[in-house]
Amino acid sequence: MSDEVWRREAAESPCVNVCLLHPTAGLCLGCYRTAAEIAAWPTMTPEARRALMAELPARAPLVRGTRRGGRAGRRNGRDD
């Protein structure tokens, strides 16, 4: 028996495990990808992934500051 261990290199991903799509922008609040981009991720080439990842920081302002739950929501009169 061989002592070799099979390892798979982890695929690079912008996912931060905050999976919630913004209702109007259609972007994930964690990684800023669309649902279609998230679904296509496993089949994208490394070059296409890097190109998409380069675009994501510019999308942050489209959804930043839109979550109003928790303490911020209560300060604004929401009692959810």
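This text follows the structure it describes.
Model, not experiment: these values are computed from the prediction.

### Points about unusual backbone geometry
Turning to step 1, where the next piece is worked out: Even without a glycine there, the phi angle at Asn17 is positive, about 60 degrees.
Turning to step 2, where the next piece is worked out: Using a relative accessible area of 68% as the deciding quantity, one classes Asn17 as exposed.
Turning to step 3, where the next piece is worked out: Unlike most non-glycine residues, Tyr32 shows phi in positive territory, near 70 degrees.
Turning to step 4, where the next piece is worked out: Relative to the helices and strands, Tyr32 is located in the segment before α1 (35–40).
Turning to step 5, where the next piece is worked out: Classification of Tyr32 by relative accessible area gives buried; the value is 17%.

### Observations concerning the packing of aromatic side chains
Turning to step 1, where the next piece is worked out: Considering all chains together, one arrives at zero aromatic pairs under this definition.
Turning to step 2, where the next piece is worked out: Against the face of Trp41 rests Arg33, its NZ or CZ located 4.9 Å from the ring centre.

### Comments concerning the pattern of salt bridges
Turning to step 1, where the next piece is worked out: The full count for this structure, using the stated rule, is three salt bridges.
Turning to step 2, where the next piece is worked out: The partner of Arg59 in a salt bridge is Glu37, with the nearest N and O atoms 2.7 Å apart. Of this pair, Arg59 sits in helix α2 (residues 46–63) while Glu37 is found in helix α1, placing the two residues 22 residues apart along the sequence. In this pair, the class of Arg59 matches that of Glu37, namely buried.
Turning to step 3, where the next piece is worked out: With a closest N to O distance of 3.8 Å, Glu47 and Arg50 form a salt bridge. Of this pair, Glu47 and Arg50 both sit in helix α2, three residues apart, roughly one helical turn.
Turning to step 4, where the next piece is worked out: Three or more residues are tied together by salt bridges with common partners; here these are Glu37, Glu55 and Arg59.

What counts, and where the lines are drawn
Residues numbered from 1 in each chain as written. Predicted model: local features only at pLDDT ≥ 70, side-chain atom pairs only at ≥ 80, totals over all residues. Heavy atoms only, no water. Buried < 20%, exposed > 50% of the residue type's maximum accessible area, 1.4 Å probe, protein only. Helix = DSSP H or I, 4+ residues; strand = E, 2+ residues; numbered from the N terminus. Phe/Tyr/Trp six-rings, centres within 6.5 Å; stacked < 30°, edge-to-face > 60°. Lys NZ or Arg CZ within 6 Å of the ring centre and 35° of its normal. Salt bridge = Lys/Arg side-chain N within 4 Å of Asp/Glu carboxyl O.

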